[in-house]
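Take a look at the letters that make up each chain.
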Amino acid sequence: MAHYDLILKNGTVHTPGGPVQASVGVRAGKIVEVGASGDAGETIDCAGLDILPGVIDSQVHFREPGLEHKEDLESGSRSAVLGGVTAVFEMPNTKPNTDSADALNHKLGRARHRMWCDHAFYVGATAANAESLAELEMLPGAAGVKIFMGASTGDLLVAEDSELARVLASGVRRVAIHSEDEARMNARKGERIAGDPASHPVWRDDESAMLSTRRIIALARAARRRIHILHITTPAELEFIAQNKDIATCEVTPQHLTLAAEDAYPRLGTYAQMNPPIRSAAHREGLWRWLNQGVPDVIGSDHAPHTIEEKAKPYPDSPSGMPGVQTLLPLLLDHVAQGRLSLQRLIELTSAGPQRVFGIVGKGRIAAGYDADFTIVDRKAQWTVEEDWVASRCGWSPFTGMKLTGKPVGTIVRGHRVMWDGGLAEAAIGEPIRFESSAFS
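Residues take numbers from 1 onward in each chain, read along the sequence in its written order. Only residues with pLDDT of 70 or above have their local features reported here, since the model is predicted, and side-chain atom pairs are shown and tallied only from 80 upward, although totals for entire chains, interfaces and linings are computed over all residues. Side-chain figures throughout are based on the complete set of non-hydrogen atoms in the structure, without hydrogens or water.

Where do I start with the overall build of the protein in this structure?
Helix and strand definitions here come from DSSP, where helices need a minimum of 4 consecutive H or I residues and strands a minimum of 2 consecutive E residues; each element is numbered from the N-terminal end. When its secondary structure is counted, the protein shows 14 helices and 19 strands. To get the radius of gyration, use the C-alpha atoms; to get the globule rule, take the number of residues to the power 0.38 and multiply by 2.2 Å. Here the protein has a C-alpha radius of gyration of 21 Å; the compact-globule value for 441 residues is 22 Å, and the two agree. Its C-alpha atoms give the protein principal-axis dimensions of about 70 × 50 × 40 Å. Buried, partly exposed and exposed residues are distinguished by accessible area as a fraction of the type maximum, computed with a 1.4 Å probe on protein chains only: under 20%, between the cut-offs, and over 50%, respectively. Buried residues in the protein amount to 62% of all 441 residues. What makes two residues a contact is simply this: any of their non-hydrogen atoms within 4.5 Å. Within the protein, counting contacts between residues at least 6 apart in sequence, those at least 24 apart form 74% of the total. Per-residue and other accessible areas were derived by the Shrake-Rupley procedure at a 1.4 Å probe size, with only the shown protein chains allowed to occlude residues. Total accessible area computed for the protein in this model is approximately 15,900 Å², and 49% of it derives from carbon and sulfur atoms. Considering the protein, the positive charge centre built from 46 side chains and the negative charge centre built from 55 side chains are found 2 Å apart. His residues and chain termini do not enter the charge count, which takes Lys and Arg as positive and Asp and Glu as negative. Every charge is mapped to an atom, namely NZ of Lys, CZ of Arg, CG of Asp or CD of Glu.

Below, the structure written as structure tokens:
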């Protein structure tokens, strides 16, 4: 009789072949067998629950080093596992920027024994480091290269076509893009109305996004470089990306699928302010239409916390960004419950999709030989997002008070139960993610 370190029993297991009622056996942090029988050091009864592949959030800002008053690697990753997320890609717009080997290694050192989930860190592209990016993207723990075409939090910006071409010419991995056109936004600053955050999507308009996305796809095609366009907000961009899937993958966020300008700005004010902006209900419905056509590859949270004091500043002095890593999965489960999204598509967007797009080693599916990463959910749970559930250091969520159906119950990372029913393990055990492109470098 086989002996396992862990068996998950009595749950509905979502395998690449579909859902099955089976036990999953884990040994040494890996999945050994779906349909396991035998004894185990630990057995978890998942009766009435769904066992999903571990959720991967491929866009978070945990603000460390330099901005720890907003968030840090410990608090951000604690939010992640409380929300059912087993792995994150963290962004480079910290202080200092993550734009060198030393800065990347410094972050990895800070993460050790402090991050609750597995992790990788983006290297920020600049005009100064463009020729070094081919080397930097292959370093252990690097998620790849991130380009900010439009200014957002921090001072990472590569706005000119000539500089973008230099960045795209250096390296082979898929490059992540914040796609907003800096020149157009600078020209439209007069569209901002002091004290009125509803003018944010008027300033950073559809064309700011579309113009930038057309530019970067043309530049990527010229450089023969694959790109991944983050937080798409306009249906027109998704229609265009659908015609360029040979070179471009893309992401949408739960915020843009859930919130709409007509309600969000009157109700939330600057707390609804993010880049690219929350747009109209018509935009939101257009995103859903293209999502159901299969165009977005990934859903990421763009978790980007700021303190209540910072967000309370009058627009446009208020910073853009909102927390989201902890609510990513709950919001999507609610969309499943409301019939907008299938559970199969949710899995594709939050685990199999990130694995495919970024070439993650050993994650993204429940299959023998893969990491024993599981997100265990109660699809029938009805609950309300309360402020005391939010673990982010920023201390708020735009979704506080929202009634949801579906809740993460357990987060298991490489066979370790790091969260169960809202309680955390004794110690953080997150490790760097490995990638196919850099496995032998």
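Anyway, onward from the coordinates.
Help me understand the pattern of salt bridges in this model?
Pairs can form between side chains of opposite charge once their charged atoms are near each other. Whenever Lys or Arg places a side-chain nitrogen within 4 Å of a carboxyl oxygen from Asp or Glu, that contact is recorded as a salt bridge. Enumeration over the complete set of coordinates arrives at 29 salt bridges. When the shortest N-O distance is used, the salt bridge between Asp118 and Arg414 registers 2.8 Å. Of this pair, Asp118 sits in strand 10 (residues 118–124) while Arg414 sits in the loop between strand 17 (403–413) and strand 18 (416–420), and the two are 296 residues apart along the sequence. Overall, Arg414 belongs to the buried group, its relative accessible area being 18%.

It is not clear to me how the sheet that holds strand 1 (residues 2–9) should be interpreted in this structure. Could you clarify?
Within a sheet, adjacent strands bond to each other through the backbone by hydrogen bonds, running parallel or antiparallel. Pairing between two strands is assigned when DSSP locates at least 2 bridges connecting them. With mixed pairing, the four strands of this open sheet are ordered in space as 5-4-1-6. Either end of the sheet is taken by a strand with one partner, and the two such strands are strand 5 (30–34) and strand 6 (38–45). Strand after strand, the sheet turns through a mean of 30° between neighbouring axes, direction not considered. Where strand 1 and strand 4 (residues 24–27) come together, three bridges link them in antiparallel fashion. The partner of Leu8 across the bridge, within strand 4, is Val24. An axis is simply a line fitted to the C-alpha atoms; with a helix, the fit covers only the stretch in contact. Between two such axes, the angle follows the N-to-C directions and lies from 0 to 180 degrees.

Is there a simple way to think about the sheet that holds strand 12 (residues 175–178) in this case?
Reading across from one edge, 8-9-10-11-12-13-14-15 is the order of the eight strands in this open sheet, with parallel pairing throughout. The two strands at the open ends of the sheet, each matched to only one other strand, are strand 8 (55–60) and strand 15 (298–299). Most of the contacts of helix 4 (residues 161–168) go to strand 11 (residues 142–148), to which it runs at about 170°, and overall it touches strand 11, strand 12 and strand 13 (227–229).

Explain the side chain of Arg174 to me, please; I cannot follow it from the model alone.
If you trace the backbone, Arg174 turns up in the loop between helix 4 and strand 12. The side chain of Arg174 is buried and forms no salt bridge, while Asp297, the nearest opposite charge, is found at 7.0 Å. By the criterion applied in these results, polar contacts are pairs of N or O atoms within 3.5 Å in which, for protein atoms, one can donate a hydrogen and the other can accept it, and in which residues neighboring in sequence qualify only through two side-chain atoms. Looking at Arg174, its side chain comes within polar contact range of the main-chain oxygen of Ile227, at 3.1 Å. Not counting residues up to four positions away in its chain, the partners in contact with Arg174 are Arg226, Ile227, His228, Ile247, Ala248, Thr249 and Val357.

Mind showing me how you'd approach the pairing of strand 1 here?
Each regular strand carries side chains that alternate between the two faces of the sheet. Pairing between strand 1 and strand 6: seven bridges, direction parallel. Within strand 6, the residue paired with Tyr4 across the bridge is Ala40.

Teacher, can you tell me more about the nonpolar core here?
Within soluble globular proteins, side chains that are nonpolar generally end up buried alongside one another. Among buried residues, the Ala, Val, Leu, Ile, Met, Phe, Trp, Tyr and Cys ones that are joined through side-chain atoms within 4.5 Å form a nonpolar core. Counting residues in hydrophobic clusters, the biggest one holds 68 residues, and the most contacted among them are Val88, Ile147, Ile216, Ile217, Ile227 and Leu346. Apart from the residues within four sequence positions on either side, Ile216 is in contact with Met149, Leu164, Leu168, Ile177, Ile227 and Ile229. One finds Leu259, Ala264, Val390 and Cys394 within the second-largest nonpolar core, a separate group that totals 18 residues.

Mind showing me how you'd approach the packing of helix 8 (residues 235–242) against helix 11 (residues 281–291) here?
Axis angle and axis distance: for two packed helices, these are the angle between their axes and the distance between the axes, and together they describe the pair. Between helix 8 and helix 11, the least distance of the axes is 8 Å, while the angle of their chain directions is 25°. Compared by their axis directions, helix 8 and helix 11 come out roughly parallel. Packed against helix 8, whose contacting residues are Pro235, Leu238, Glu239 and Ala242, the element helix 11 presents His283, Gly286, Leu287 and Trp290 at the interface. Basically, the charged four are Asp, Glu, Lys and Arg, the nonpolar ten are Ala, Val, Leu, Ile, Met, Phe, Trp, Tyr, Cys and Pro, and anything else, Gly included, counts as polar. Counted by class, the contact of helix 8 with helix 11 contains five nonpolar, two polar and one charged residues. The cut-offs work like this: below 35 degrees is roughly parallel, past 145 is roughly antiparallel, 65 to 115 is roughly perpendicular, and the gaps in between are oblique.

Please explain the side chain of Thr405 as it appears in this structure.
Along the polypeptide, Thr405 turns up in strand 17. Look past the residues within four positions of Thr405 in its chain and what remains in contact with it is Leu333, Asp334, Ala337, Gln338, Arg379, Lys380, Ala381 and Gln382.

How do you make sense of the packing of aromatic side chains when you look at a structure like this?
Pairing of aromatic rings covers Phe, Tyr and the six-membered ring of Trp, with a centre-to-centre limit of 6.5 Å; geometry is then stacked below 30 degrees between planes, edge-to-face above 60, and tilted otherwise. Inspection of the entire model under this criterion finds five aromatic pairs. Arranged with centres 6.0 Å apart and planes meeting at 70°, the rings of Phe89 and Tyr122 form a pair that is edge-to-face. Taken as a pair, Phe89 in strand 9 (residues 85–90) and Tyr122 in strand 10 lie far apart in primary sequence, 33 residues in all. Here the two residues Phe89 and Tyr122 agree in accessibility, since each one is buried.

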